[in-house]
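Letter by letter, the chains look like this.
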Amino acid sequence: MTPRRVLVTGGAGFIGSHLVEALAARGERVVVYDNLSMGRHENLPPDVPLIHADVRDTAALSAAMQHADTVFHLAARVSVRDSLRSFAEDADVNLFGTLRMLEACAAARPRRLIFASSMAVYADSPRPDPVPETYCTAPLSPYGVSKLAAEQYVLQLAPRFGVEPVVLRFFNTYGTRQTDTPYVGVISIFVRRLLAGQAPTIFGDGGQCRDFVHVSDIVAGCLLAMESPRAGIVANIGTGIATSVNALAALLCARIAPQIRPQHGPNQPGELRNCVADITAARELLGYAPRASLAEKLAEVIEYLRRE
């Protein structure tokens, strides 16, 4: 099979670099587009070219996209809490950056555009039951608003340019190479604190439930979205399994520092109480089936951060 030309925006970041690695291993001709605000050049395979540019630069995007078959648009500001303070910057990157991407698509006409959205587009759920794509979209944060608006632009405009859109809503992703920030990636945050001999902080009562999906399963969903004959679809990419923050903290404490007990802080605005993926659509439309186990993959994250 002839290798595809694939452009990955945000390809030097956490999820992006794992996706790029998988694409390169398949023999695809990958180009990464990243401003390195969160990503790292060293995350990339040595033979994958990097275009160091901002996703809001239409001219640079158009040039990078020339002859691309598939575009993965992962570049974004990814923080619910930070979006409450920096809502204009959040919208500028996440929404207007996506509009610039669509302008570039109108000129370059790739076959398919796969947009990385988020569980943050959903309204809160009173119970930790899996939510389908038809669940109420009433975001609690500016981040969720920007992602939901960007989804709508992608689904509406891409077909007008002859581009096949696919929207994937990622749930709480964990794994190696996650950037160290105080706001994103509760597993990495908890592990780093425990390795430093500090108690992890649980915001609220800890009963809130999340769907923790390993980055390898996110990558698998992305690759299926590239291969699938189905387009114009929206699909959750998660596991369908609910894990409370209290249970996560207890598991990590037991593995790293049994003598440490978590501490509690105030609830954080903009964060969902419960958000677990119903993955029926991804399974039926894309053939998606998550394989990674949280209990097994935590050891990988702990060892990675211990070395780091």
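Our structure is the block above this text.
Just so it is clear, the model here is predicted, and its values are computed rather than measured.

A. Structural detail: the side chain of D34. Tracing the sequence through the fold places D34 in strand β2 (residues 29-34). Summary of buried charges: D34 has no salt-bridge partner, and the nearest side chain of opposite charge, R40, is 11 Å away. Setting aside residues no more than four positions away along its own chain, D34 makes contact with G10, G11, A12, G13, G39, L50, I51, H52 and A53.

B. Spatial organisation of the pairing of strand β15 (residues 274-277). Burial of the side chains of β15 extends over both faces: N274 and V276 are buried on one face and C275 and A277 on the other. Note that strand β6 (residues 130-131) and β15 share two bridges and pair parallel. The residue of β15 that forms the bridge with V131 is A277. As defined by bridge partners, strand β10 (residues 209-210) adjoins β15 across two bridges and the pair is classed as parallel. For R210, the partnering residue across the bridge sits in β15 and is C275.

C. Highlighting the sheet that holds β15. Read from one edge to the other, the open sheet built from four strands follows the order β6-β15-β10-β13, with strand pairing classed as mixed. Because the sheet does not close on itself, it has two edges, and the strands there are β6 and β13 (243-244).

D. Molecular detail of the pairing of strand β1 (residues 5-9). Counting buried positions over the five residues of β1 gives four, a clear majority of the element. Where β1 and β2 come together, five bridges link them in parallel fashion. Directly across from V8, in β2, lies its bridge partner V32. As a crossover connection, the stretch from β1 through helix α1 (residues 14-25) into β2 is right-handed. Two strands pair when backbone bridges link them, and β1 and strand β4 (residues 70-73) are joined in this way by four bridges, in the parallel orientation. Along β4, the bridge assignment pairs V6 with T70.

How each quantity is defined
Residues numbered from 1 in each chain as written. Predicted model: local features only at pLDDT ≥ 70, side-chain atom pairs only at ≥ 80, totals over all residues. Heavy atoms only, no water. Helix = DSSP H or I, 4+ residues; strand = E, 2+ residues; numbered from the N terminus. Buried < 20%, exposed > 50% of the residue type's maximum accessible area, 1.4 Å probe, protein only. Lys, Arg positive; Asp, Glu negative; His and termini not counted. Salt bridge = Lys/Arg side-chain N within 4 Å of Asp/Glu carboxyl O. Contact = heavy atoms within 4.5 Å. Pairing = 2+ DSSP bridges. Right-handed = clockwise from strand over helix to strand, strands pointing away.

Note that every value here comes from positions in space, so none of it alone points to a role or purpose.
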